[in-house]
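Structure at a glance
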Amino acid sequence: MRYGFSQKKANGNKDMAAGSIKMKDMPMKDMDGGSQGSVKADGKMTYVCPMHPEVTSDKPGKCPKCGMDMVKKKAEVNMDMDMSSGGITTLNYNMLEAPKKTTLPEGPWKELKFELTGNMNRYVWTLDNKTVSESDKILIKRGENIRIILHNNSMMRHPMHLHGHDFRVLNQFGEKSPMKNVLDIMPMETDTLEFHASESGDWFFHCHILYHMMSGMGRVFSYENSPANPEIPDPDKAYKMLKKDDRMFHLMAQNDFATNGNDGSLMYANTRWAFQSEWRLGYNAHHGYEVETHFGRYLGKMQWLFPYVGIDWRYRKHSAHDKSLLGQANTKDDRKVIHAGLQYTLPMLLVLDASVDQTGYFRIQLMREDIPLTPRLRASFMVNTDREYMVGGKYILTKNLGLSTHYDSDMGWGAGLTITY
């Protein structure tokens, strides 16, 4: 019986970029105590976070999410905006105006377009569905003006950073668009940045969230005909080391020590490839044992499709021999086969799995793990054509420990301690 494979997730903190800019008509003399963004306001003194308006407080201070200064609600700030919808203003790049013109010098133009892509469930990130190691360097020439159009096709914000250059972020102020070196792109947002190619050598363009960069969300801009950098004696080796980042494999494991048996899962994976294994060991011959492995590659822009090959090895001392829902003689109690299959992630993170072994035996399975009921309580379920089913729950004590219980069609009720690595 398959229980699926747990996958770790993480949440990143946003990098805030600073630049030589000013807020349009900001009444700086009315600021409280010199705290940036905390402006005089009439009425109740309610403070909100500019980037997270749902975070409120009755006293000024730092936002617990991003560390920014809380600003007063219903602030009387002239930002050429309609303040009639609740009195909360969310700061954004369109409000920023450079103190002088930032237009680029005369010269040839090169336009590039990138889509920020990835899989939030597996937590892998790419540009145009390619990692750094899967793409070539982007050749540019000294004296060119480079325009980059970025569309964030994910539900995660991505602060994009270009080494060695400042770029202008095109907004409503046109010639006085602000200069930045990090652009925090919101989900489903499209932004345009421009810079003048005035340097030499290779420069990294990447998401400033470390694990997004490490999984491959970046590109290398390379100036043509650049002189050798004396600080890099072996540039080819250095470039190979950079490309190793998104090829690295990582290990995940989970083991449930329950009253009706020991079951667990293991995954050894990188951005594209994965080796998965799961097992269930009963305490007697009636409960038996089962081990199943998969080795495959994630395909597609969103990595929803996972074709695999592996083994399915199980034994259980049961007397009844029924048929599967597909009308075949059920081999769930005695199966030692090589199998191949496809996993496809459906909406709501449901995983549909279809496999066939060398004897022609088919199996179809539907499952979902890690269903959030509360911040610490998780549920899971599984059903397949072998007439097996399972429902379970887990209460998270720490990031590595949890209390769990489950019921499955062959082993009955069980409860125990789950260890996650």
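Below is a short write-up of the structure. (Residues numbered from 1 in each chain as written. Predicted model: local features only at pLDDT ≥ 70, side-chain atom pairs only at ≥ 80, totals over all residues. Heavy atoms only, no water.)

For the rest of this paragraph, the subject is the sheet that holds strand 8 (residues 138-140). Within the open sheet, the five strands sit side by side as 8-16-15-10-13. Their pairing is mixed. The two strands at the open ends of the sheet, each matched to only one other strand, are strand 8 and strand 13 (182-185). On average, each strand axis in the sheet is inclined to that of its neighbour by 20°, with strand direction left out of account. Bridging between strand 10 (residues 158-162) and strand 15 (residues 202-207) involves three bridges; their strand directions are antiparallel. Looking at the pairing, M160 lines up with C207 of strand 15. (Pairing = 2+ DSSP bridges. Helix = DSSP H or I, 4+ residues; strand = E, 2+ residues; numbered from the N terminus. Axes fitted to C-alpha atoms, helices over the stretch in contact; angles between N-to-C directions.)

Once that is clear, we can look at a nonpolar patch on the surface. Taken together, the side chains of F257, L373, L377, Y395, L397, L401, L403, L417 and I419 present a nonpolar region at the surface, about 750 Å² in accessible area. For the nonpolar patch, the secondary structure elements donating two or more residues are strand 27 (401-408) and strand 28 (412-420). Relative to the helices and strands, L373 is located in the loop between strand 24 (362-372) and strand 25 (377-384). (Patch = residues over 30% accessible without salt bridge, like charges linked within 9 Å, V, L, I, M, F, W, Y side chains within 5 Å. Areas by Shrake-Rupley, 256 points an atom, 1.4 Å probe, with all protein chains shown as cover. Salt bridge = Lys/Arg side-chain N within 4 Å of Asp/Glu carboxyl O.)

With that settled, consider the sheet that holds strand 9 (residues 145-152). The strand order across the open sheet formed by six strands is 7-6-9-14-11-12, and the pairing between neighbours is mixed. Two strands in the sheet have a free side with no partner beyond their single neighbour: strand 7 (124-127) and strand 12 (179-180). Where strand 9 and strand 14 (residues 190-196) come together, seven bridges link them in antiparallel fashion. Within strand 14, the position partnered with I146 by the bridge is F195.

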